[in-house]
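Close look at the chain arrangement
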Amino acid sequence: MHMFPNCLLTECNGSPISNNQNTVLRLLVEEKDVLLDFTCDYSHGSKNLDLPQSVSTDDPRKGKDRIALMLEMDHQLKIRSLLKYHMTGLRLLGMCAAGKNQTTKDSCSQIPEISLQKCIDTFLDLDQKKDGSREEGIDADVIYYVQRPYLRIIANVYLTSLEQRSFKDVQRWWPAAGIESQTPKWGVRQSIMEEFLRCLHVLYDRLKHHDTIPNTMVSLQDSFGSDLSLHVGIVLQIIQALVAFFLDHDCFSRGNMLHDSLVKDIGHLMPDLNFEFCRFQLEEHIKALMELKYALGKHNFGGIVLLQPDVESEEVERTVESYFSDNWDNFRARVALELKIDPNPSRSMIGSIRDLAPVFGSKKTMGNSNYEHLKTLINVTSAPGLDPSSQLTGLRIITSILFLQPNNKFATQDMRDSEWHRFVSSQEPGCLNSEVSFSELQDVYAEMDAVQTIINCVQSTYEQNVQEALRLGVILLANGRESIQNDFLRKLSIPSSQTFFQQLQRILQKSIASIKESIPRINESTIRSSAQTTTSIQHVVHIFTLMRRLFMGQHRAAQEFFRVQKINRLSVNLLNEAILPLFELISLLKNTIEKGDYSVAAGVSEGFEMFAESMSGSNYSNQVELAGSAPSLFDLADRVFFKIVLMDKLNDTKAFRNRRISLRKVAPLALDSILLQERNTICCKLKRSVTRCLLGFLEGVNLSKSQSVTQQMLITVQWNSIMHQLDLAYQASNKEDVIPSSEVISEGLGYYQLFRTIEAYVNVDDESGNHISSLLSRSSSEVAVQFFAQRMGCVEVSY
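Residues numbered from 1 in each chain as written. Predicted model: local features only at pLDDT ≥ 70, side-chain atom pairs only at ≥ 80, totals over all residues. Heavy atoms only, no water.

Observations regarding the overall build of the protein chain
Definition in use: Strands are runs of DSSP state E lasting at least two residues, helices are runs of H or I lasting at least four, and both sets are numbered from the N terminus onward. Each residue is placed in one exposure class: buried if its accessible area under a 1.4 Å probe, protein chains only, is under 20% of its type's maximum, exposed if it is over 50%, and partly exposed if it falls in between. Any pair of residues with heavy atoms lying within 4.5 Å of one another is described as a contacting pair. All accessible areas in this document rest on Shrake-Rupley with a 1.4 Å probe, and a residue is counted as covered only by the protein chains that are shown.
On a plain count of helices and strands, the protein chain comes out with 35 helices and 0 strands. Looking at the protein chain residue by residue over its 799 residues, the buried ones come to 51%. In the protein chain, of all internal contacts separated by at least 6 residues, the share reaching a separation of at least 24 is 73%. On the protein chain, roughly 36,600 Å² of surface is accessible, and the fraction owed to carbon and sulfur atoms is 52%.

Here is the structure:
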């Protein structure tokens, strides 16, 4: 039952799959007496006791009804929760009727247990006992938990149905005539609309009492309930249901004073609620409120002012482009509402991947003692003709196993929770990466031909699949695993690999155009970069990292092969192809760092590290190739040194404000100092990568063979700028509140080593050679040079 919902939605945009909805609903209806629990009643005499999956004779829950199970918080049980099973079945019925599938809507409406009136009565009377009194001891958030699937059925089966239905004749949708609208408070629920209003009011009161934004709302207790996330979840459904209700003129029309007054009360609450949604960064809720404002406007309920979130500064002059960008999502939502389609993408299969990882990744799984299931999954994932969404899911499961390591008996639950968070947030494996079991898994994947699966999937025409395949390749190559490097090279050393290299070339070239288009948007402080730009940057960074890890350990064959493929009819020089994307990323560098976005800085750093690895082991061919590149890597290095400087104070941007909020509980004091050190450490790492790349040009040089490279460096590189960076590093070495001294000293040592290395291979009688010597001995930098000279330990090998 838990897996069924993932079969109903497409991976790309969350739209329902009609054929799957029909199939799942048919199965549920045919076996509803066995599969579906409509009452959650296990008291004596209930037919639920006859079900195969019912409670055992010694189960203490036998003899209890839904109210008793709600009092006991049965839904919190990890396994065999009767309340959760009850909710899952109802939720599944609602999902079968999602979207525009009128067939499933009609079929569901014929099920007597979920008729419209039955759903409304159950929604309002969940805590009503058999004697008619209310059970006051039930946690309010538990009631919201049980109400949610009923509300989903009301919305998906009835509110969005094309069949003409009038809600005017349905009992308890509106307050009964002659009854004044209740002040929102916990008590008797007279009608759906009053309950909606009360629920919105109470959430507003709960949110405004939180002075600081919690890291998570899950299981967050307050004086009202035990889990704020459940209340937040049902409010989103309420707003979406109201949107559908008011957009259908057959459901609502003005004229009834009591009804109009209640709707006005909802409208008056919306601005305050929107403010709290913005403060808590509940983007789906903000968007839903905008849709509700539009829906109410169609009935002439105006005057609702919803402040727009994410405005960085009121002093920034707004442009036509910024107004367009801010309202584009609202326009799309309105079009979606008019077409009666879901404007909000649904969740993908990502939630079930954690459940599937142990099935394939643990030897305890039946028939998987030698990873037989995993091998089958790896082979099937790259099979020709496989559905793209299935391929994407397969890639994610294969990747998640490297994070969770289900067969590692020493991995604790906390460790796996941490690794899962890293997986879903697109980070590298963390604490388990250094374990022996990770290395063993790498070898297992190599034996099972995972590398061939990666190569095949990289050639997919679906961007998400390409990205996941590149990510899997990057993680599989962690720590420069030689067996994986050799396997990649072996699989690519055939003529058919030409398609793989052309695909990487196409991705890099396409990313250049996307990043160029984003530069004006990123330079405008009120506008974010587009999703397409973010995807392009991720593609570029994955390719940089993949190449770097293939080159690690001075892997000469890989270094050469990515420059020229002699076996292919058309050779692709990926070293040259990677320079232009790096150039475009550097164009974004300063603005993104100032706004607290370090993803571009990490990408630039990865690019320079990749070029350094491509020359390691004194690869003279690559040194010459890159020294003559256009644009020149030497010029790119100068651009980074010019753009990136250490800061003594942070800019007041939204990203930094959000980081302050997230760190407030962890480190309530010295927040700015922590954020400033984080920012400057990123900059130090970036400049160290640039310096390492420059040193790569000098590795193993000799005057007879590499004179052209060293001479070009002497002429092209702005050595004054690098000496200035060395001076700045020295000045910052005692500013612990700005940057840890170890970081900045490491940066300064890189500059000093670069000067010493280039000085050893130049003719001091030449003008360029004399310039290097004069820089090292000039009085203004003498103290800084001596400082790093005293901390530099090196062995020089001469022959």
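Focus: unusual backbone geometry
For residues that are not glycine, phi is negative in most cases, and the peptide bond is trans in most cases. Here the amide bond leading from Ala630 into Pro631 is cis, since omega sits at 0°, within 30 degrees of zero. Mapped onto the fold, Pro631 is located in the loop between α27 (620-627) and α28 (633-643). Positive phi values are uncommon outside glycine, yet Ser219 reaches one of about 60°. Tracing the backbone shows Ser219 in the loop between α8 (192-208) and α9 (228-247).

A short note on the packing of α8 against α9
Let me state the cut-off plainly: Working convention: axes come from line fits to C-alpha atoms, limited for helices to the stretch in contact. Angles between N-to-C directions cover 0 to 180 degrees. Put simply, angles under 35 degrees are roughly parallel, angles over 145 are roughly antiparallel, angles from 65 to 115 are roughly perpendicular, and the rest are oblique. Left-handed describes a crossing in which the near helix is turned anticlockwise from the far one by less than a right angle; the clockwise case is right-handed. All residues other than Ala, Val, Leu, Ile, Met, Phe, Trp, Tyr, Cys, Pro, Asp, Glu, Lys and Arg, Gly among them, are scored as polar; the first ten of these are nonpolar and the last four charged.
With their axes 10 Å apart at the nearest point, α8 and α9 run at an angle of 135° to one another. It follows from the interaxial angle that α8 and α9 lie oblique. Relative to α9, the crossing made by α8 is left-handed. In this structure, α8 contributes Met193, Phe196, Cys199, Leu200, Val202, Leu203, Arg206 and Leu207 to the contact, and α9 contributes Leu228, His231, Val232, Ile234, Val235, Ile238, Ile239, Leu242 and Phe246. Here the residues of the contact of α8 with α9 sort into 15 nonpolar, 1 polar and 1 charged.

Re the confidence of the model for the protein chain
The following threshold applies: Along the chain, pLDDT gives the predictor's confidence residue by residue, from 0 to 100.
Chain-level statistics for the protein chain give a pLDDT mean of 82 and a share of 82% at 70 or above. With pLDDT under 50 throughout, residues 310-316 is counted as low confidence; its partners more than four residues away or in other chains account for 12 contacts. In the model, residues 340-348 has pLDDT below 50 throughout and makes 20 contacts with residues more than four positions away in sequence or in other chains.

Thoughts on the side chain of Ser614
Selection criterion: Pairs of N or O atoms are called polar contacts if they sit within 3.5 Å, as long as, within protein, a hydrogen donor faces a hydrogen acceptor (for residues adjacent in sequence, only side-chain-to-side-chain pairs).
With respect to the helices and strands, the residue Ser614 is situated in helix α26 (residues 599-615). Only 2.6 Å separates the side chain of Ser614 from the backbone oxygen of Phe611, close enough to count as a polar contact. Setting aside anything within four residues of it in sequence, one finds Ser614 in contact with Phe551, Gln559, Leu575, Asn619, Asn622 and Leu626.

A few points about the pattern of salt bridges
Filter applied, for reference: Any Lys or Arg side-chain nitrogen located within 4 Å of an Asp or Glu carboxyl oxygen qualifies as a salt bridge.
In the structure shown here, the tally under the stated rule is 29 salt bridges. Each of Asp121, Asp125, Asp127, Arg134 and Arg172 takes part in a single network of salt bridges with overlapping partners.

A look at the packing of aromatic side chains
What describes a pair of aromatic rings is the distance from one ring centre to the other and the angle between the planes of the rings. Just so we agree on the cut-off: Pairing of aromatic rings covers Phe, Tyr and Trp, the last through its six-membered ring, and needs centres within 6.5 Å; plane angles under 30 degrees mean stacked, over 60 mean edge-to-face, and all others mean tilted. As a reminder, the over-ring test applies to NZ of lysine and CZ of arginine, requiring each to be within 6 Å of the ring centre and within 35 degrees of the ring normal.
Taken as a whole, this structure holds 17 aromatic pairs when the rule is applied. Both rings, one in Phe551 and one in Phe562, keep their centres 5.8 Å apart while their planes meet at 80°; by these two values the pair is edge-to-face. Separated by 11 residues along the polypeptide, Phe551 in helix α22 (residues 531-551) and Phe562 in the loop between α23 (556-561) and α24 (574-577) bring together distant segments of the chain. In terms of burial, Phe551 and Phe562 fall into one category: buried. Aromatic pair Trp719 and Phe755: ring centres 5.6 Å apart, planes at 55°, arrangement tilted. Note that Trp719 is positioned in helix α32 (residues 719-732) and Phe755 in helix α33 (residues 741-760), a separation of 36 residues in sequence. Accessibility assignment for this pair places Trp719 and Phe755 in one class, buried. Geometry around Phe301 places Arg254 over its ring, the cationic atom sitting 3.9 Å from the centre. For Arg791, the ring lying beneath its charged end belongs to Phe787, and the centroid distance is 3.7 Å.

Remarks on the nonpolar core
The line we're drawing: The term nonpolar core refers to a set of buried residues drawn from Ala, Val, Leu, Ile, Met, Phe, Trp, Tyr and Cys, joined through side-chain atoms within 4.5 Å.
The biggest cluster of nonpolar side chains holds 127 residues, and the ones touching the most others in it are Tyr445, Val604, Phe608, Phe697 and Trp719. Looking at this core, the element that brings in the most residues is α22, giving 9 residues. Beyond its immediate sequence surroundings of up to four residues, Phe697 is in contact with Met615, Gln623, Leu626, Ala627, Leu633, Phe634, Val709 and Met713.

Observations concerning the environment of Arg354
Mapped onto the secondary structure, Arg354 falls in helix α13 (residues 350-361). Along the chain, Arg354 and Ser400 lie 46 residues apart, while their C-alpha atoms are 7.3 Å from each other. At a separation of 2.5 Å, a polar atom in the side chain of Arg354 contacts the side chain of Asp417.

Details of the environment of Leu207
Within the element layout of this structure, Leu207 appears in helix α8. Sequence-wise, Leu207 and Phe277 are 70 residues apart; in three dimensions their C-alpha atoms are separated by 8.5 Å. Not counting chain neighbours up to four residues away, the residues in contact with Leu207 comprise Met217, Leu228, Glu276, Phe277, Arg279 and Phe280.

What about the environment of Tyr144?
With respect to the secondary-structure elements, Tyr144 resides in helix α7 (residues 140-159). By relative accessible area, Tyr144 is classed as buried at 0%. Considering only alpha carbons, one finds Tyr144 and Leu126, 18 residues apart in sequence, at a separation of 9.7 Å. In this structure, Tyr144 is in contact with Glu195, Arg198, Cys199, Phe224, Leu230, His231 and Ile234, ignoring residues within four places of it in sequence.

Brief notes about helix α5 (residues 102-109)
Stated formally: The directions considered for the arc run from the helix axis to the C-beta atoms.
Along α5, the residues that are buried comprise Gln102, Thr104, Lys105, Cys108 and Ser109. Buried residues of α5 fall within an arc of 165° about the axis and therefore sit on the same side. Buried residues along α5 sit against α1 (18-30), α4 (82-96) and α7.

Considering the state of the cysteines
What we call a disulfide is simply a covalent bond connecting the sulfur atoms of a pair of cysteines. In plain terms, the rule: By disulfide we mean two sulfur atoms from cysteines, separated by a distance within 2.5 Å.
In this structure the tally under the stated criterion is 0 disulfides. In this structure Cys96 is not part of a disulfide, and its nearest cysteine sulfur, from Cys108, lies 6.2 Å away.

Here's the deal with the packing of α32 against helix α35 (residues 782-790)
Where α32 meets α35, the closest approach of the two axes is 9 Å, and the angle between their N-to-C directions is 70°. Between α32 and α35, the interaxial angle falls into the category roughly perpendicular. Residue-level inspection shows Met723, Leu726, Asp727, Ala729 and Tyr730 of α32 in contact with α35, the latter providing Val783, Ala784, Val785, Phe787 and Phe788. Tallied by class, the residues present in the contact of α32 with α35 amount to 9 nonpolar, no polar and 1 charged.

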